[in-house]
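An overview of the molecular structure
The residues making up each chain are set out below.
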Amino acid sequence: MRGKTLRSLGALGAVALLLPLGTARALDYPTRPIRLIVPFAASGVTDIVARIVFDKVGQQLGQQVIIDNRPGAGGTIAVDLAVHAAPDGYTFIIGDPSGSLPANITLYPTLKYDPRKDLAPIAMIGTTGAAVTVPASSPVKSLKDLVELAKAKPDELTFVSVGNGTPGHLNGEKFSRLVGIKAVHVPYRVMSQAVTDIIAGRVSFWIVPIPGLLQQINAGQVRALAVAGDARSRDLPGVPTVEETGFGRFDASTTYALFGPAGTPKEIVERMHDEIRKALDSAEVQEKLRKAGVEPKIGSPEQVKAMLEERTPQWAEVIKSAGIRAEGR
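Below is a short write-up of the structure.

Basis of the calculations
- Residues numbered from 1 in each chain as written.
- Predicted model: local features only at pLDDT ≥ 70, side-chain atom pairs only at ≥ 80, totals over all residues.
- Heavy atoms only, no water.
- Helix = DSSP H or I, 4+ residues; strand = E, 2+ residues; numbered from the N terminus.
- Buried < 20%, exposed > 50% of the residue type's maximum accessible area, 1.4 Å probe, protein only.
- Areas by Shrake-Rupley, 256 points an atom, 1.4 Å probe, with all protein chains shown as cover.
- Expected span 1.5 Å × (residues − 1).
- Bend = angle between axes of the 7 residues up to and from the residue.

**Some points on the overall build of the chain**
- On a plain count of helices and strands, the chain comes out with 13 helices and 11 strands.
- Dimensions of the chain, computed from C-alpha atoms along their principal axes, come out at roughly 90 × 40 × 30 Å.
- Across the 329 residues of the chain, 49% fall into the buried class.
- For the chain, the exposed surface amounts to about 15,500 Å²; the carbon and sulfur share of it is 54%.

**Topic: helix 13 (residues 301–322)**
- The end-to-end C-alpha distance of helix 13 is 32 Å, a good match for the 32 Å that 22 residues give at a rise of 1.5 Å each.
- Within helix 13, the axis deviates most sharply at Arg311, by approximately 25°, and proline Pro313 lies no more than four positions further along.
- Restricting attention to buried positions, one finds in helix 13 the residues Pro301, Val304, Met307, Leu308, Arg311, Thr312, Trp315, Ala316, Val318 and Ile319.
- Following helix 13 by one or two positions, Gly323 adopts a phi angle in the positive range, close to 65°.

**Regarding helix 5 (residues 100–107)**
- Within helix 5, 7 of the 8 residues are buried, which leaves it mostly tucked inside the rest of the structure.
- Taken residue by residue, helix 5 has Ser100, Leu101, Pro102, Ala103, Asn104, Thr106 and Leu107 as its buried positions.

Honestly, that's just the spatial picture; any functional story needs more than this.
Structure below.
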């Protein structure tokens, strides 16, 4: 019996020697805790997504996934940290390949990395929808009304964001260009003040992630005119998309995707993608994400890469034409 066991172990060792190094590593991966960098502060939606999904992934892998919040500079501090980490499968980052990641290439021209080259896409995790909203006291009842009013009063209507160069600012400019209006950007440093002012009618409209104003919409304090996405929102089923209202495709959703440093072994990329897919298949994870305003959505590395490549020149054109500068620059 002992001889048979030794022969079996010897056979396994021989197989391991024949495997490529990356595959051999993937067989016993992971052997220690994994670090997940989150480019925003704790308790934000990105942080909540990370904790919900990767608590489950950690259970599946039998290793703890440690959340490392690194807010600041529009997420560039966190990404710089990730791209310079060892590509060994023990450091990952959550980023938005539809928004901040591609936009920051133009917003921060002195970046020492390029996410298209220096990050390895692994999986899309989910999306948060956005909506075009106005104060409940506004005479505007539809997206058509808003556009007509803005055209009748150029540079008089105002739109909200939580800072220069933030997704709200970029999406406001992109929307204005799409529908052919001129509106004045009003940046806020604190989201709660922006919420107070749109309820009070001090600003004209806001293209905002739906969870950020859902309570106020449901309370009748704010009116949602249209969903800024490819499909209607589960939370606002009666609200049409911008495209349904006749103004063309306009998607201001936030996308959550996992990346590793460039050079992360293919076998580990495939393993992590599979673990995320399994986590998103969990009814418990789906329920928690939807409660946080996030729609679970698995996507391939190729889909994430394509989104990043497509959005980079689109945001560059909007940023340059509108003369947008990031906060602090």
